[in-house]
Amino acid sequence: MLLIDNFLDRETAERLRKKILDTPFLAGGATATGRAAKVKNNLQMDRERGRKILDDVALRLMTHEQVELYAIPKRIAAMSVNRYDAGMEYGSHTDAPIMNDCRCDLSFTLFLEDHVNYEGGELVLEQEHGLLKVKPAIGSLFLYSTGLIHRVTPVASGSRLACIGWIQSRVRDEQQRTILRELNIAHRAYVERHGHDELVDMLLKNSANLMRMWCD
Ligand SMILES: O=C(O)CCC(=O)C(=O)O
Ligand SMILES: [Fe+2]
């Protein structure tokens, strides 16, 4: 998982938040299926009316250097903006593995309300080594593996606003993505220290070959 705390600067995030709040919201349960539909109690921005807003976030996401390095994104499977007013929550669930014919490898939440303005509304992930609670400042982007059980705890006061979505990566396996990312980081650091030499060519050849082997 990865937290990018200044994915959007505060001013851009506030501007986006205002545009979103001027767009109609509908009951969120309609877009979930099975178990998720039973535990989902939130509001969702009308996707058709908010299409430009979603497209703007998608473009920023697909071209962000840290997201590219971490997620190796191929495409965004689906996106929406959700709002949790006081009393709303999203109980424990797992997200669908396929949306709009895309495999969902990574989920993301872009936080669009400042954490001091609402009580509760934490994103809680069940990991092998215990629970992880996430509630960062406005403009922060959190990326996590889609396979994890997670929930949004009840909002006690204020409103939680977030843009969420799912990414299909070019590389399905998390360990393989880590290897490619670290080779990329090592390559950049080496070139910075020593300049380009024949070892860099060897490193680039091998990371390119691994990418060819693993990508889809
Ligand atoms: O709002 C969030 O951070 C996550 C919401 C969620 O789990 C979902 O919509 O599937
Ligand atoms: Fe979810």
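- Per an unreviewed UniProt entry, the protein chain is named Fe2+-dependent dioxygenase, and its organism is Methylocystis parvus.
- Listed in UniProt under the heading Cofactor (unreviewed entry), the comment for the protein chain reads: "L-ascorbate".

## A short note on the overall build of the protein chain
So, step 1. Within the protein chain one finds 6 helices and 16 strands.
So, step 2. Its C-alpha atoms give the protein chain a radius of gyration of 19 Å, near enough to 17 Å, the size a compact globule of 216 residues would have.
So, step 3. Scored against the burial criterion, the 216 residues of the protein chain give a buried share of 46%.
So, step 4. Counted over contacts in the protein chain with a minimum sequence separation of 6, partners at least 24 positions apart contribute 77%.
So, step 5. Summed over its atoms, the accessible surface of the protein chain is roughly 11,500 Å², and 51% of this surface lies on carbon and sulfur atoms.
So, step 6. Where the 29 positive side-chain charges of the protein chain centre and where its 30 negative ones centre are 4 Å apart.

## Details of the site of ligand 1
So, step 1. Around ligand 1, the neighbouring residues are Asn82, Tyr84, Tyr90, His93, Asp95, Thr109, Leu123, His150, Val152, Arg160, Ile164 and Trp166.
So, step 2. Within the side chain of Asn82, a nitrogen or oxygen atom sits 3.4 Å from an oxygen atom of ligand 1.
So, step 3. Contacts to ligand 1 include Arg160, whose side-chain N or O atom sits 2.8 Å from an oxygen atom.
So, step 4. Here ligand 1 loses 97% of its free accessible area of 290 Å² to cover by the protein chains.
So, step 5. Secondary structure elements with two or more residues in the shell around ligand 1: strand S5 (73-84), strand S6 (89-93), strand S14 (150-152) and strand S16 (160-169).
So, step 6. The dominant element in the shell around ligand 1, judged by the number of residues it contributes, is S16, at 3 residues.
So, step 7. The residue inventory of the shell around ligand 1, partitioned by class, reads 6 nonpolar, 4 polar and 2 charged.

## Comments concerning the sheet that holds strand S4 (residues 43-45)
So, step 1. Pairing is antiparallel in the open sheet, where 7 strands are placed in the order S1-S13-S9-S16-S5-S4-S2. Whereas interior strands pair on both sides, the edge strands pair on one side only; in this sheet they are strand S1 (2-4) and strand S2 (25-27). Pairwise comparison of adjacent strand axes, ignoring direction, gives a mean angle of 30 degrees for this sheet.
So, step 2. Here strand S9 (residues 106-111) pairs with S16 via 6 bridges, running antiparallel. Bridge pairing in S16 links Phe108 to Gly165.
So, step 3. Strands in contact with helix H3 (residues 51-62) are S4, S5, S9, strand S13 (141-145) and S16; relative to S5, the strand with the most contacts, it is inclined by about 130 degrees.

## Remarks on the pairing of strand S12 (residues 130-134)
So, step 1. Alignment of strand S11 (residues 123-127) against S12, held across 5 bridges, turns out to be antiparallel. Opposite Leu125, over in S12, you have Leu132 as the bridge partner.
So, step 2. What sits between S11 and S12 in their antiparallel hairpin is a turn of 2 residues.

## Some details on the coordination of the iron ion (ligand 2)
So, step 1. Listed as protein donors to the iron ion (ligand 2) are His93 (NE2), Asp95 (OD) and His150 (NE2); their distances from the metal cover 2.1 to 2.2 Å.
So, step 2. We note that the donor set of the iron ion (ligand 2) lies within a single chain, spaced as H-x1-D-x54-H. Of this pair, Asp95 sits in the loop between S6 and strand S7 (98-99) while His150 sits in strand S14, and the two are 55 residues apart along the sequence.
So, step 3. Here His150 falls in the buried class, since its relative accessible area comes to 4%.

## Quick word on the environment of Gln44
So, step 1. By secondary structure assignment, the location of Gln44 is in strand S4.
So, step 2. Using a relative accessible area of 5% as the deciding quantity, one classes Gln44 as buried.
So, step 3. Remark: the alpha-carbon pair of Gln44 and Pro154, spanning 110 residues in sequence, is separated by 16 Å.
So, step 4. Filtering out sequence-adjacent residues up to four positions away, Gln44 remains in contact with Pro24, Phe25, Leu26, Gly28, Thr31, Ser80, Val81 and Asn82.
So, step 5. A distance of 2.9 Å separates a polar atom in the side chain of Gln44 from a polar atom in the side chain of Lys40.

How each quantity is defined
Residue numbers restart at each chain and count upward from 1, following the sequence in its written direction. Here chains are named by letter from A upward and ligands by number from 1 upward, in the order in which they appear as written. In keeping with the model being predicted, local features are shown solely for residues with a pLDDT of at least 70 and side-chain atom pairs are shown and tallied solely at 80 or more, while totals for entire chains, interfaces and linings include all residues. Based on all heavy atoms of the structure, the side-chain values leave hydrogens and waters out of the count. UniProt positions are given in the numbering used here, feature names are shortened, and annotations may be inferred rather than shown by experiment. Strands are runs of DSSP state E lasting at least 2 residues, helices are runs of H or I lasting at least 4, and numbering of each runs from the N terminus. Our radius of gyration is a C-alpha quantity, and the globule rule it is checked against amounts to 2.2 Å times the number of residues to the power 0.38. Note on exposure labels: buried denotes an accessible area under 20% of the residue type's maximum, exposed denotes more than 50%, and partly exposed covers the range between, all computed with a 1.4 Å probe on protein chains only. Note on contacts: a residue pair is in contact if any heavy atoms of the two residues lie within 4.5 Å. Reported accessibility uses the Shrake-Rupley method at a 1.4 Å probe radius. Residues are deemed covered only where the shown protein chains occlude them. Charge convention: Lys and Arg are scored as positive, Asp and Glu as negative, and His as well as the terminal groups of each chain are ignored. Charge coordinates come from a single atom per side chain, which is NZ of Lys, CZ of Arg, CG of Asp or CD of Glu. The criterion for a residue being near a molecule or strand is simple. One of its heavy atoms has to lie within 4 Å of it. Pairs of N or O atoms within 3.5 Å make up the polar contacts considered here, provided that, within protein, one atom can donate a hydrogen while the other can accept it, and that residues adjacent in sequence are counted only when both atoms are side-chain atoms. Residues were grouped as follows: Ala, Val, Leu, Ile, Met, Phe, Trp, Tyr, Cys and Pro as nonpolar; Asp, Glu, Lys and Arg as charged; and all remaining residues, including Gly, as polar. Strands were regarded as paired on the criterion that DSSP finds at least two bridges between them. Orientation is described by lines fitted to C-alpha atoms, with helices fitted over the stretch in contact, and by angles between N-to-C directions that extend from 0 to 180 degrees. Water is absent from the atoms considered, so a metal site may look incomplete; donors are defined as N, O and S atoms within 2.8 Å of the metal, or 3.2 Å for Na, K and Ca.

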